[in-house]
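These are the residues of each chain, in order.
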Amino acid sequence: MITGIDHVGIAVRSLDERVPFYRDVLAMGEPELEEVPEQKVRVAMFRTGAGRIELLEPTDPESPIAKFIEKNGEGIHHLALGTGEITAGIAAVETAGLRMIDSTPRDGAEGAQIAFVHPKSTGGVLLEFCRR
Ligand code: CO
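### Notes on the coordination of the cobalt ion
Working step 1: The cobalt ion binds to the protein through H7 (NE2), E54 (OE), H78 (NE2) and E128 (OE), with metal-donor distances spanning 2.1 to 2.3 Å.
Working step 2: The coordination sphere of the cobalt ion comprises four donor atoms, whose angles at the metal cover 80 to 162°; the geometry is irregular.
Working step 3: All donor residues of the cobalt ion come from one chain, and their arrangement in sequence is H-x46-E-x23-H-x49-E. Residue H7 is located in strand β1 (residues 2-11), and its partner H78 is located in strand β5 (residues 75-83); the two are separated by 71 residues in the primary sequence. Each member of the pair, H7 as well as H78, carries the same accessibility label: buried.

Below you can see the structure in the form of structure tokens.
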């Protein structure tokens, strides 16, 4: 069911401020930039060769990313696992009596289908299932 680590999501106040570290200091190339209005974020996606790094900048104070930064500061926000069949992942979690944030898949960056598992069910990790 799990095909690998798809990406690590990192909450940032400003893409303009944080992109240069990955692009210039780490020489990871130009990121794919995308706005995801459903999640009220702008995304910069870097390819590392194996797994991606997803920088998330809130576009609205009501964005979940804005609330995360307000509470925790900038930093690692979620871990995304690649899945072949996202509904199978959701079913496995719910069958185990654990809690999904998204019980149906929704649209993520780069046309992916995503669903989040509640961190209370994972020992504090906000886990994303991601199907491309
Ligand atoms: Co993500």
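Having seen the structure, we can now continue with the description.
### Things to note about the pairing of β5
Working step 1: The sheet contact formed by β1 and β5 spans eight bridges and is antiparallel. Directly across from G9, in β5, lies its bridge partner H78.
Working step 2: Direction of pairing for β5 relative to strand β8 (residues 127-131): parallel, over a ladder of four bridges. Paired with G82 across the strands is C130, a residue of β8.

### Section: the confidence of the model for the chain
Working step 1: Looking at the chain, the pLDDT average stands at 95 and 100% of residues meet or exceed 70.
Working step 2: Model confidence for the chain, summarised as mean pLDDT per element, is weakest for strand β6 (residues 106-107) at 90 and strongest for helix α1 (residues 15-25) at 98.

### With respect to the sheet that holds strand β7 (residues 113-117)
The strands making up a sheet are joined through hydrogen bonds of the backbone, oriented either antiparallel or parallel.
Working step 1: Strand order across the open sheet formed by eight strands is β2-β3-β4-β1-β5-β8-β7-β6, with mixed pairing between neighbours. Every interior strand has two partners, whereas the edge strands, β2 (32-36) and β6, have only one.
Working step 2: Relative to strand β3 (residues 41-47), α1 is tilted by about 5°, and along the sheet it contacts β1, β2, β3 and β4 (52-58).

### With respect to the packing of aromatic side chains
A ring pair, where both rings are aromatic, is described by two values, the distance of the centres and the angle of the planes.
Working step 1: Counted under the stated rule, the structure contains two aromatic pairs.
Working step 2: Measuring from ring centre to ring centre gives 5.6 Å for Y22 and F46, while their planes differ by 35°; the resulting arrangement is tilted. Here the residue Y22 occupies a position in helix α1, and F46 occupies one in strand β3, the gap between them amounting to 24 residues.
Working step 3: Judged by relative accessible area, Y22 falls into the buried class, the value being 14%.
Working step 4: Here F46 falls in the buried class, since its relative accessible area comes to 0%.
Working step 5: Taken together, the aromatic side chains of F21, Y22 and F46 make up a single cluster linked through ring pairs.

Calculation rules
- Residues numbered from 1 in each chain as written.
- Predicted model: local features only at pLDDT ≥ 70, side-chain atom pairs only at ≥ 80, totals over all residues.
- Heavy atoms only, no water.
- Donors = N, O, S within 2.8 Å, 3.2 Å for Na, K, Ca; no water.
- Tetrahedral: all angles 85-135°; square planar, octahedral: opposite > 155°, others 65-115°.
- Helix = DSSP H or I, 4+ residues; strand = E, 2+ residues; numbered from the N terminus.
- Buried < 20%, exposed > 50% of the residue type's maximum accessible area, 1.4 Å probe, protein only.
- Pairing = 2+ DSSP bridges.
- pLDDT = per-residue confidence, 0-100.
- Contact = heavy atoms within 4.5 Å.
- Axes fitted to C-alpha atoms, helices over the stretch in contact; angles between N-to-C directions.
- Phe/Tyr/Trp six-rings, centres within 6.5 Å; stacked < 30°, edge-to-face > 60°.

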